[in-house]
Structures are given as C-alpha cells and as structure tokens.
Amino acid sequence: MTFLTQVLNGLQLGSIYALVALGYTMVYGIILLLNFAHGDIIMVGAYISWIVMAQLGLNPILAVILSVAGCTLLGVLIDKVAYAPLRNAPRLSILITAIGVSYFLENGAQLVFGADAKVVPSYFDATPITFADLQLSPIALLTIVVTVVSTAILTFLVQRTKLGKAMRAVSEDMGAARLMGINVNTTISFTFAVGSALAGIGAVLYSMAYTQATPTMGIMLGTKAFVAAVLGGIGSIPGAVIGGLLVGFAEVLVSAIGLSVWKDAVVFLLLIIVLIVKPTGILGRTMNEKV
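Conventions adopted
- Residues numbered from 1 in each chain as written.
- Predicted model: local features only at pLDDT ≥ 70, side-chain atom pairs only at ≥ 80, totals over all residues.
- Heavy atoms only, no water.
- UniProt positions renumbered as here; feature names shortened; annotations may be inferred.
- Helix = DSSP H or I, 4+ residues; strand = E, 2+ residues; numbered from the N terminus.
- Buried < 20%, exposed > 50% of the residue type's maximum accessible area, 1.4 Å probe, protein only.
- Contact = heavy atoms within 4.5 Å.
- Areas by Shrake-Rupley, 256 points an atom, 1.4 Å probe, with all protein chains shown as cover.
- Lys, Arg positive; Asp, Glu negative; His and termini not counted.
- Charge placed at Lys NZ, Arg CZ, Asp CG, Glu CD.
- Core = buried A, V, L, I, M, F, W, Y, C linked by side-chain atoms within 4.5 Å.
- Salt bridge = Lys/Arg side-chain N within 4 Å of Asp/Glu carboxyl O.
- Patch = residues over 30% accessible without salt bridge, like charges linked within 9 Å, V, L, I, M, F, W, Y side chains within 5 Å.
- Expected span 1.5 Å × (residues − 1).
- Arc of directions from axis to C-beta.
- Phe/Tyr/Trp six-rings, centres within 6.5 Å; stacked < 30°, edge-to-face > 60°.

Per an unreviewed UniProt entry, the chain goes by the name Amino acid/amide ABC transporter membrane protein 1, HAAT family and belongs to Olsenella uli. The record held by UniProt for the chain lists under Sequence similarities (unreviewed entry) the comment "Belongs to the binding-protein-dependent transport system permease family. LivHM subfamily." We quote the UniProt Subcellular location (unreviewed entry) comment for the chain here in full: "Cell membrane".

Caption draft 1: Representation of the overall build of the chain. Counting its regular elements, the chain contains 11 helices and 4 strands. Across its three principal axes, the chain shows a C-alpha extent of roughly 60 × 45 × 35 Å. With 291 residues in all, the chain has 46% of them scored as buried. In the chain, of all internal contacts separated by at least 6 residues, the share reaching a separation of at least 24 is 75%. Accessible surface for the chain amounts to roughly 14,500 Å². Of this, 69% is attributable to carbon and sulfur atoms. Considering the chain, the positive charge centre built from 14 side chains and the negative charge centre built from 11 side chains are found 14 Å apart.

Caption draft 2: Layout of the nonpolar core. Within the largest apolar cluster, 72 residues are counted, with the highest numbers of intra-cluster contacts made by Leu33, Ile78, Tyr83 and Leu154. In terms of residue count, the dominant contributor to this core is helix α1 (residues 2-31) (12 residues). Leave out the neighbours within four places in its chain, and Leu154 touches Leu22, Met26, Val194, Leu198 and Ile237.

Caption draft 3: Representation of the pattern of salt bridges. Going through the model one piece at a time under the given rule, you end up with 4 salt bridges. Between Lys118 and Asp116 there is a salt bridge, with the nearest N and O atoms lying 3.4 Å from each other. The buried category is assigned to Lys118, whose relative accessible area is 15%. Linking Glu251 and Lys224 is a salt bridge whose minimum nitrogen-to-oxygen distance equals 2.6 Å. Of the two residues, Glu251 sits in helix α10 (residues 237-256) while Lys224 sits in helix α9 (residues 217-232), which places them 27 residues apart along the sequence. Of the two residues examined, Glu251 and Lys224, each falls in the buried class. If you follow the salt bridges from partner to partner, you end up with Lys224, Glu251 and Asp264 in one network.

Caption draft 4: Broad picture of a nonpolar patch on the surface. On the surface, a cluster of nonpolar side chains totalling about 580 Å² of accessible area is made up of Leu253, Ile257, Leu259, Val261 and Trp262. Position of Ile257 relative to the elements: it lies in the loop between α10 and α11 (263-277).

Caption draft 5: A look at α11. Helix length check: α11 (15 residues) gives 21 Å between terminal C-alpha atoms against 21 Å at 1.5 Å per residue, within 8%. All buried positions along α11 are accounted for by Val267, Leu271 and Val274. Projected down its long axis, α11 carries its buried residues within an arc of 70°, all on one side. Counted as exposed and oriented over 90 degrees from the buried face of α11: Ile276 and Val277. Packed against the buried residues of α11 are α9 and α10.

Caption draft 6: Looking closely at the packing of aromatic side chains. If you walk through the whole model with that rule in mind, you get 7 aromatic pairs. Ring geometry for Phe36 against Phe226: centres 5.8 Å apart, planes inclined by 65°, an arrangement best described as edge-to-face. Taken together, the residues span a long stretch of sequence, with Phe36 in the loop between α1 and α2 (38-55) and Phe226 in helix α9 at a distance of 190 residues. A relative accessible area of 28% places Phe36 in the partly exposed class. Given the relative accessible area of 18%, Phe226 is considered buried. Summarising the aromatic geometry, the rings of Tyr83 and Phe192 are spaced 5.6 Å apart at their centres and angled 35° between planes, so their arrangement reads as tilted. Here Tyr83, found in helix α3 (residues 60-83), pairs with Phe192, found in helix α8 (residues 184-210); they are 109 residues apart in sequence, far enough to count as distant. When its relative accessible area of 1% is taken as the criterion, Tyr83 is described as buried. Classification of Phe192 by relative accessible area gives buried; the value is 2%. Clustering of aromatic rings is evident, with ring pairs tying together Tyr24, Phe36 and Phe226.

Put into structure tokens, the structure is as follows:
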C-alpha cells in the first residue's frame, strides 16, 4: 500500500510539473524562447486565489476562474510589452528580457504582498477516499485527471484546429508562414495565452496541494518544469508530460528512501545524464541549422 501511495504522489507531483512544462514547450516550439517568467506567472495565479478566497471571501470556483484568466492575460501582456518589440532582436536579448521580467514579477509580488507566505484556503473538502485499505487523496486524483484532460485538449488544439495549424506553420518557418497570410504576432500571442492558461491551472493545482503562496515559489517550480521540458524534448507535447512525470517520480522516490535533502540534486543529475546520452531529450527532434 505504501508503494501505491508513493506512485500516486509521484503522479500528482509529476502532473503539476507536466502542466508547467507544457507552457514552456509551447512557447519554445514557436519562437525558440525560454520564457523564464513562466514560473512567476504561476506565482501570480496562486496570489489571485489567495486574494479571492482569503481576502474577499468569494467562492473557490470564482478563484479558479480568475486565477486561470489572470495568468492568461498576464502572459499575453508580457508578450506584448516585453517580447513583441524584440521579435527581430538577437535571441540573447530576448533571453535577458525574460530573466528581467521574472525578477520584476518576483520583487513586485514581494513589494505588494510581503515576503512571508500566504496561506491559500482549501478549494473544497479534501477528505481522503478509502479504497481497499488505501487512502486516496482527492487532490492528487483531481490533479492527474486535469493534467490528462488538459494534455488531450492541447493536443487536439495543436493538431486539429486552424490556429493549431498556424502555430505549427510559424514553428517550422516564421517567414514562410507570414508569406502564406498567417498573422504571426496573433499566433504567437495565442500561444502565450494557451501556455499561461496552463500555468494558471498549474497554479490552482499547486495551491491545492501545498496551500501557500510566496513571491519566490515560481523559481524552483519553473526551473524543474524547464528541466522536465528538456528531458522530454523541448517543443514536444508528449515529451513535456513524460519529462514532468520523470521529475515527479524522481523526487518522490528519493524522498521515500529518506534522502529528501537530495531531491533537487537528483532532478538536475537526471537532466545531465539525459543530455549526455540524448541531448535533444527523449522525444526531441534533431534540428539542423544553416550557417
């Protein structure tokens, strides 16, 4: 039973990483940008939930809706203000800007809310479900189900819809897509919106599991999700999910054997091993760049 509990814990944690990694991989797949502010968008989503429930005393459903909507709008706003003016700039300039946006969000949150952790109220009654002498966490089950559904919807969106085809065209060749009549800026903004919406969902699920919001909570969460995206093959939707689950299971396994102090190190060790063996990640494609 302990083994099954650890498997469920690994699936829950891995699902959160997978959702965040999907946001990373969406943006990178389109404009080759490592959006280091992505983890901090999750932090903003957690604070929105705290404000709605703890400060305003409103319905948790409204907290979920506003958290996802707030993260989506913030992602689009960041793209319009910080990244769009640098579309044709060297890639390093955009990367430095992403780091700057991350620090701006973290320090802004600390200035507004303070450095102490805010306790996010429970979204619903999380009484464990007993099944055959096994205690099942409803939060863990909900996290897994939401991740599966979100991944399925995202896959359908990218593969079967007109906007999804535009996203894939921009990903393959931005110049050719523009010549074919695709509005590249709109497509990129839509990609940021989808990725940030996933971050909002991740923020709600993370707040359910860990019930707190801090200005720096997005740093390690975003970093591990980035590791997950690279492990699975950045730019690949199934790869992001596989990478997220690998990172989640690695952390849970190390903690289960009593080495929880090493769980962060093991995640990055896993990244080093995969990059040595297969630099493109598990499902990544080899890219040929003309020089």
